[in-house]
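# Structural overview for review
Here's the letter readout for the chains.
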Amino acid sequence: MPEESHRRAPGKLESEVLAVLWTAGEPMSASDVQARLRGDLAYTTVVTILGRLHDKGAVTREKRGRSFGYSPVEDEAGLTARRMRKVLDAGPDRDRVLARFVSELSGDDERTLRALLREAGGE
């Protein structure tokens, strides 16, 4: 079987690392994260992924002896919302993007969004 068949999809490894951090409830070292991940992932790969997540602002790190303890900045919903804002901010026409997004919501999602806007004082 070729080596590439074992590769994860882009972003999959970051998601797996974040899932480990979310369930931990406390800062974790790279070796702690490595131990909780399935498979035989190299320590250096875990350190690289944690570094990328830190650079993206998805995790914080604090010095713990000679290594770092990593913690997620937000829960999964918060991180998804941050990604959505980032995509929205990058679009050339924010109003059109929002209009298209809203027009493609399911009935349940539309009702949820309306209720959330009412709670936030948006209507």
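Our subject in this report is the structure included herewith. It should be emphasised that the depicted structure is a prediction, and the values quoted were computed from it without experimental measurement. (Residues numbered from 1 in each chain as written. Predicted model: local features only at pLDDT ≥ 70, side-chain atom pairs only at ≥ 80, totals over all residues. Heavy atoms only, no water.)

## Notes on the nonpolar core
Across soluble globular proteins, nonpolar side chains show a tendency to be buried alongside one another. Formed by 18 residues in total, the largest nonpolar core has its most connected members in Val 17, Leu 21, Val 33, Leu 37, Val 46, Leu 50 and Leu 53. Where this core is concerned, the elements lending two or more residues are α1 (12-24), α2 (30-36) and α3 (43-55). Sorting elements by how many residues they give to this core places α1 first, with five residues. Discounting residues that sit within four places of it in the chain, Val 17 has contacts with Val 33, Leu 37, Ile 49, Leu 50 and Leu 53. (Core = buried A, V, L, I, M, F, W, Y, C linked by side-chain atoms within 4.5 Å. Buried < 20%, exposed > 50% of the residue type's maximum accessible area, 1.4 Å probe, protein only. Helix = DSSP H or I, 4+ residues; strand = E, 2+ residues; numbered from the N terminus. Contact = heavy atoms within 4.5 Å.)

## Digging into the packing of α1 against α3
Their axes nearest at 10 Å, the elements α1 and α3 cross at an angle of 85 degrees. As far as their axial angle goes, α3 and α1 are roughly perpendicular. Contacts from Leu 13, Glu 14, Val 17, Leu 18 and Leu 21 in α1 reach Thr 45, Ile 49, Leu 50, Arg 52 and Leu 53 in α3. Of the residues belonging to the contact of α1 with α3, the class tally is seven nonpolar, one polar and two charged. (Axes fitted to C-alpha atoms, helices over the stretch in contact; angles between N-to-C directions. Parallel < 35°, antiparallel > 145°, perpendicular 65-115°, else oblique. Nonpolar A, V, L, I, M, F, W, Y, C, P; charged D, E, K, R; others polar.)

## Topic: the packing of helix α4 (residues 76-90) against helix α5 (residues 94-103)
Between α4 and α5, the shortest axis-to-axis distance is 8 Å and the interhelical angle comes to 130 degrees. As summarised for this structure, α4 and α5 are arranged oblique, according to the angle between their axes. Between α4 and α5, the contacting residues are Met 84, Leu 88 and Asp 89 on the first element and Arg 94, Val 97, Leu 98 and Phe 101 on the second.

## Focus: the pattern of salt bridges
Applying the stated criterion to the full structure yields six salt bridges. Note that Lys 12 is salt-bridged to Glu 16, the shortest N-O span being 3.9 Å. Of this pair, Lys 12 and Glu 16 both sit in helix α1, separated by four residues, roughly a single helical turn. One salt bridge connects Arg 94 with Asp 89, and the closest N-O pair in it is separated by 2.6 Å. Among the residues examined, Arg 94 registers a relative accessible area of 40% and is labelled partly exposed. (Salt bridge = Lys/Arg side-chain N within 4 Å of Asp/Glu carboxyl O.)

## As for the side chain of Glu 16
Exposure remark for Glu 16: the relative accessible area of 11% places this residue in the buried category. For Glu 16, the contacting residues outside a window of four places in its chain are Arg 8, Leu 37 and Arg 38.

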